[in-house]
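Each chain, written out:
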Amino acid sequence: MLELYKLLRSNRQNQRGVLMMIFSKQAKPERKNNRQRGFTLIELMIVVAIIGILAAIAIPQYNSYVARTQVAEGLQLAGAVKTAIAEFHQTNSSWPATNEAAGASADYVGKYVASVETSASGTNPSIITITMGAASPVSTDIQGKTITITAAAGTGAVTWTCDGGTISDSYLPAACK
């Protein structure tokens, strides 16, 4: 620093130029290329395309999942009717023609299920028909469609066979396919 001072004193003509040079270097430090940059348009377009592809796959899968859970509600409601029919058959050696005859409630209605009804004719086994609701919030793929569960007399027990009815197999549980 002392040498710089001597240099400045000795050469008064250059004093102003040297001071300008020193101060200009101090006033403007070296610029580093630290400028923040955003995403390029192509990067943003790639992200949007990926999100679009994922949504195209996920949304139908989610709708299918929702429909399967709504069908499961119908099978759950039919469980009480199945028990009542099995008890009736064990006691009377015949099949009930209605929910009431089996000793079950006349109306089984759920959030997604319009009705669970029993029918039988003559000596034919009882058939439980689960009818899905015909309006929202029921999934549009299963609105107003049915599942049938047919009873069969076994040795000391009643067995059940699930038929998909009018509902597509993709919405049925494994036991009904």
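The preceding data block contains the structure.
Below, the structure is looked at part by part. Numbers given to residues run from 1 along each chain, matching the order in which its sequence is written. Residue-level local features of this predicted model are given only where pLDDT is at least 70; pairs of side-chain atoms are given and counted only at 80 or more, and the full residue set underlies all totals for whole chains, interfaces and linings. Only hydrogens and water are removed before side-chain values are computed, so all heavy atoms of the structure are retained for them.

1. Some points on the overall build of the chain
Here is step 1: Across its full length, the chain holds four helices and four strands.
Here is step 2: The helix and strand labels rest on DSSP assignments: H or I over at least four residues marks a helix, E over at least two residues marks a strand, and numbering proceeds from the N terminus. In sequence order, the chain lays out its α and β elements as α-α-α-α-β-β-β-β.
Here is step 3: Each residue gets one of three labels from its accessible area relative to the maximum for its type: buried under 20%, exposed over 50%, partly exposed in between, using a 1.4 Å probe on protein chains only. Looking at the chain as a whole, 26% of its 177 residues are labelled buried.
Here is step 4: In the chain, once contacts between residues fewer than 6 apart in sequence are set aside, the share between residues at least 24 apart is 42%.
Here is step 5: Carbon together with sulfur atoms contributes 57% to the accessible area of the chain, which is approximately 12,400 Å² in total. By definition, residues are in contact when any of their heavy atoms lie within 4.5 Å. Accessible areas in this description were obtained via Shrake-Rupley with a 1.4 Å probe; residue shielding takes into account the shown protein chains only.

2. What about a nonpolar patch on the surface?
Here is step 1: The grouping of Leu41, Ile42, Met45, Ile46, Ile50 and Leu54 at the surface amounts to a nonpolar patch, some 630 Å² of accessible area in total.
Here is step 2: Topologically, Ile46 is positioned in helix H3 (residues 41–92). For patches, a residue must show more than 30% relative accessible area and have no salt bridge; joins then use 9 Å for like charges and 5 Å for nonpolar side chains, namely Val, Leu, Ile, Met, Phe, Trp and Tyr. What counts as a salt bridge is simple: a side-chain nitrogen of Lys or Arg found within 4 Å of a carboxyl oxygen of Asp or Glu.

3. Re unusual backbone geometry
Here is step 1: Put simply, Ser136 and Pro137 share a cis peptide bond, and its omega is 15 degrees.
Here is step 2: Residue position: Pro137 is located in the loop between strand E2 (127–132) and strand E3 (146–153).

4. Quick word on the nonpolar core
Here is step 1: Val116, Ile128, Ile130, Ile142 and Ile167 are the most contacted members of the largest nonpolar core, which totals 28 residues.
Here is step 2: Top contributing element to this core by residue count: H3, with seven residues.
Here is step 3: When neighbours within four sequence positions are excluded, Ile128 is seen to be in contact with Ala78, Val81, Lys82, Ile85, Val116, Glu117, Thr118, Ile147, Thr148, Ile149 and Trp160. In these notes, a set of buried Ala, Val, Leu, Ile, Met, Phe, Trp, Tyr and Cys residues joined through side-chain atoms within 4.5 Å is what counts as a nonpolar core.

5. Some remarks on the state of the cysteines
Here is step 1: When two cysteine sulfur atoms are found within 2.5 Å, that pair is recorded as a disulfide. Enumeration over the complete set of coordinates arrives at one disulfide.
Here is step 2: Across the disulfide from Cys162 sits Cys176; the S-S distance is 1.8 Å. Between Cys162 and Cys176, the S-S dihedral sits near 95 degrees, and the bridge is therefore right-handed. With Cys162 in strand E4 (residues 158–163) and Cys176 in the segment after E4, the pair connects residues that are 14 residues apart, well separated along the chain. Taken as a pair, Cys162 and Cys176 share a single burial class, namely buried.

6. Quick notes on the environment of Thr98
Here is step 1: Counting through the fold element by element, Thr98 comes out in the loop between H3 and helix H4 (99–102).
Here is step 2: Among the residues examined, Thr98 registers a relative accessible area of 33% and is labelled partly exposed.
Here is step 3: Put simply, Thr98 and Ile85 are 13 residues apart on the chain and 9.2 Å apart in space, counted from C-alpha to C-alpha.
Here is step 4: Pairs of N or O atoms within 3.5 Å make up the polar contacts considered here, provided that, within protein, one atom can donate a hydrogen while the other can accept it, and that residues adjacent in sequence are counted only when both atoms are side-chain atoms. One polar contact links Thr98 to Glu100, side chain to side chain, over a distance of 3.3 Å.

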